[in-house]
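A closer look at the structure
Residues per chain, in single letters:
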Amino acid sequence: MSAVLTLIAVLAVVAAVVWLVRRHNADSAAALADAQAESRRWVERLGGQVLALTGTDDPSRQALADAAERYTAAGSQMEQARTAAQCRQVTETAYEGLYYIRAARTAMGMDPGPELPPLPGQSRAGEVTED
């Protein structure tokens, strides 16, 4: 009788562990899918700006070239991203490109567009207060 109860207890523990592992894997997959969608949104936003703008002077052309570099890098990173942390890196690269887009738009006398989220570490590094 006690062997049967022990066997039932062991099977219950094994079933609980299997359920927890499957639940963790499903949660991880959902978090990765969300991170990939967020990254793609920012990369597509950057791509739209890179393709739509043409520089009118040297500073704006350089800023757009830098933004195009970030767009290419973000696209490459996106293809290789397999974790949420890698997707966050893609998003940061896209943010950098969008900061260059804002600089180009400002250099061309255009509205720079909506504010962008701060880059990680940007608040610790400070900001330039001079023109």
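First, a word on scope: everything that follows refers to the structure included in this document. Worth saying up front: this structure is predicted, and the values here are computed from it rather than measured. (Residues numbered from 1 in each chain as written. Predicted model: local features only at pLDDT ≥ 70, side-chain atom pairs only at ≥ 80, totals over all residues. Heavy atoms only, no water.)

1. Here's the deal with the overall build of the chain
If you tally the helices and strands in the chain, you get four helices and zero strands. Principal axes of the C-alpha set define a box for the chain whose edges measure 85 × 30 × 20 Å. A separation of at least 24 residues holds for 63% of the contacts in the chain among residues at least 6 apart in sequence. Total accessible area computed for the chain in this model is approximately 8900 Å², and 58% of it derives from carbon and sulfur atoms. (Helix = DSSP H or I, 4+ residues; strand = E, 2+ residues; numbered from the N terminus. Contact = heavy atoms within 4.5 Å. Areas by Shrake-Rupley, 256 points an atom, 1.4 Å probe, with all protein chains shown as cover.)

2. Concerning the pattern of salt bridges
A complete count under the given rule lists six salt bridges for this structure. In this structure, the salt-bridge partner of E115 is R102, at a minimum N-O distance of 3.4 Å. Here the residue E115 occupies a position in the loop between α3 (84–107) and α4 (122–125), and R102 occupies one in helix α3, the gap between them amounting to 13 residues. We classify E115 as exposed; its relative accessible area is 66%. Among the charged side chains, a network of salt bridges with common partners joins E69, R70 and E96. (Salt bridge = Lys/Arg side-chain N within 4 Å of Asp/Glu carboxyl O. Buried < 20%, exposed > 50% of the residue type's maximum accessible area, 1.4 Å probe, protein only.)

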